[in-house]
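Fold and geometry: a report
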Amino acid sequence: GVISTTRADLDRENQSTYEIIIKAKDAPGSSGDSSTATVIITLTDINDNFPVFKHSSFHFKVPENISVGGEVGRVKVEDVDEPQHRNTKYSFVRGDYRDTFEIVANPFTNEGIIRPKKPLDFEKVAEYRFDIEATDPTVDLRYFKSGGSRSISTVTIEVTDVDEPPVFTKLPYEFKVRENDPEIRTLGSVWAHDPDAAKRKIRFIRRRASPNGDYIRVSDTGIIQLPKPLDREFSSSYNITVAAQEILEDGRLSDRESHAQVHVIVTDENDNAPELVYPEEPRVCENAAPGKVIIRISATDKDEISPRGFFKYSLATEDSNFSLIENYDNTANITVKYGQFNRELAKIHYLPVIISDNGDPELSSTNTLVISVCKCNEKGNFTFCEERAKQVGVSIQALVAIFICIFTIIVFFAVITLLILLRKRHKKDLSSLGRNVAEIHEQLVTYDEEGGGEMDTTSYDVSVLNSVRKNGIKPEAVPSPYAQVQKPPGKITSGAGEMEMMIEVKKDEADNDRDLLPYDTLHIYGYEGAESIAESLSSLESGSSDSDIDYDFLNDWGPRFKMLAELYGSEPNEDFVY
């Protein structure tokens, strides 16, 4: 029952299975019993076929701004072997673009994926054309029947143009400038161009700055400018980000931009004097021996350390009980010169120390050390020192800020006050303008304020006076409810005309003077009339004392003045009862 092949060229790709019916008999000839069985034979696959491109050429379109490693397209091959025997390898056959593209096989689909290895540029190369080969190095050549061992296809890649951002010619930009140099205003320039065929003009804009501030400017044409000298002590380097944008045909700026970093390095110049470092408060015993080290001082400098040497220390005066010894390591020791301090004469000494920096030019500063003389025990330990008064001060900048705030507040309140006054005056002007002359005249002529007891109260009938003023005739005398008194001839004056003139004057004053009281208080003009034989009763206008005036005439004025007559009369009535 051995089943064997009858030919050696079985091909799974042509027929992968065979079905055979086998008959078994238990006796020869036609006698005996028999039965049949079906046998299915399946051919296993071996890698005996090479891959073949499905097309003789492939064409792809790709924009020029495709990223490196992005997918341009896929080429497809056909391999009749089973998937586990498909190991296609792709390679370039003809063309000089192996450094521009690569082809990588997909292990699942056996496709060749084309990817760019560097940026594409439509303006430089608009089309790529090359031949590629597909092969399988794992094919068992013993069973290879016919056909080629490799397949070749032509690939064409068309690059399309896109609007690209400007391209800077140099990255990054670096400039050096000397600090505090007023003559340097331009450091250089940045440059970018439009890589597209349109070749548009470029405008440059400053985007970011570190440190933040208006220290470095960029013109529209890319010129790097300094509005003011730079200070290295504030910052030793300044960085800005410059953006380049294309100017479109209508004058607008393109929304695509590229960036460049600009570094400005500030070189140092010796423009700061060294300063003393105060690590602690120096103290010395009143019985300190000569040569005793009181404190070690050091200095700092905002400028770079001079390569010519260390700081130099010296005392501003030698007439003290202190000496200075340099250590030649940027420090110095303050020691006792003669010894034995007298606390009764001075408990605190102020020692000026001069520090030089050996720079070019050499700068120096004078710093004051405040040394306290203290009581000490036998071991030299401090037992008692006076507390130094702490200096509490305000910087000049703070004083200026406070002054500006106070001045601003004062100006603010002054403006508010002025506006309030102007508003009140404006309201008063509107009120006065709203009153016509007739209204004012009516208020004056209907005013009826009589005097304080004089017999000439009829003179205050303003309506009568007003009619006199209008008609020019003398009014008839109005009967007085009081007894008439004969007055001396010299005392009589034209009361009506005088009153008329006085009222007109007061009216003019009220019209022209804004500070007078309202119109309904014109009765305070203080006119006492000209018909009173007593004249003015005001003591302010009296030029004589009470003893020089004869008040007997009060007896003639009637019962209303009886009390005054008895009070001021020359012979008072002793029987008068108050």
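Residues numbered from 1 in each chain as written. Predicted model: local features only at pLDDT ≥ 70, side-chain atom pairs only at ≥ 80, totals over all residues. Heavy atoms only, no water.

1. Comments concerning the sheet that holds strand β18 (residues 223-225)
Read across the sheet, three strands follow the order β14-β18-β17 without closing on themselves; strand pairing throughout is antiparallel. Because the sheet does not close on itself, it has two edges, and the strands there are β14 (186-189) and β17 (217-218). Where β17 meets β18, two bridges bridge the pair, whose relative direction is antiparallel. Bridge assignment links V218 to a residue of β18, and that residue is I224. (Pairing = 2+ DSSP bridges. Helix = DSSP H or I, 4+ residues; strand = E, 2+ residues; numbered from the N terminus.)

2. Topic: the state of the cysteines
Applying the stated rule across the entire model yields two disulfides. Here C285 is linked by a disulfide to C376, with a sulfur-sulfur distance of 1.9 Å. When the S-S torsion is -90°, as for the bridge of C285 with C376, the disulfide is left-handed. With a gap of 91 residues between them, C285 in strand β22 (residues 283-285) and C376 in strand β28 (residues 364-376) connect regions that are remote in the sequence. With respect to burial, C285 and C376 carry one shared label: buried. (Disulfide = S-S within 2.5 Å. Buried < 20%, exposed > 50% of the residue type's maximum accessible area, 1.4 Å probe, protein only.)

3. Concerning the confidence of the model for the protein
Considering every residue of the protein, the mean pLDDT works out to 79; 77% of them sit at 70 or more. In this model, residues 436-450 is a region of pLDDT below 50 whose contacts with residues beyond four sequence positions or in other chains number 21 contacts. Scored below 50 in pLDDT, residues 452-460 shows 27 contacts in the model against residues more than four places distant or in partner chains. (pLDDT = per-residue confidence, 0-100. Contact = heavy atoms within 4.5 Å.)

4. Overview of the sheet that holds strand β7 (residues 89-94)
Paired through their backbone hydrogen bonds, the strands of a sheet run either parallel or antiparallel. Here four strands make up an open sheet; going across it, the order is β4-β11-β10-β7 and the pairing mixed. Of all strands in the sheet, those with a lone pairing partner are β4 (57-63) and β7, marking the two edges. Strand-to-strand twist across the sheet, computed as the mean angle between neighbouring axes with direction ignored, equals 35°. As defined by bridge partners, β7 adjoins strand β10 (residues 127-135) across five bridges and the pair is classed as antiparallel. (Axes fitted to C-alpha atoms, helices over the stretch in contact; angles between N-to-C directions.)

5. Some remarks on unusual backbone geometry
Going from L171 to P172, the amide bond is cis rather than trans, its omega being -15°. Residue placement: P172 occurs in the loop between β12 (167-168) and β13 (173-178). Omega for the bond connecting S210 with P211 falls within 30 degrees of zero, at 0°, which places this linkage in the cis form. Tracing the sequence through the fold places P211 in the loop between β16 (202-210) and β17. Even without a glycine there, the phi angle at K199 is positive, about 55°. On the secondary structure map, K199 appears in the loop between β15 (192-193) and β16. Backbone geometry at Q340 places phi at a positive 55°, although glycine is not the residue there. Residue placement: Q340 occurs in the loop between β26 (331-336) and β27 (348-356).

6. Description of the side chain of N272
Mapping N272 onto the fold places it in the loop between β20 (253-267) and β21 (275-277). One polar contact links N272 to D271, side chain to side chain, over a distance of 2.8 Å. For N272, the contacting residues outside a window of four places in its chain are E233, D301, K302, D303, D357 and L363. (Polar contact = N/O pair within 3.5 Å; in protein donor to acceptor, adjacent residues only side chain to side chain.)

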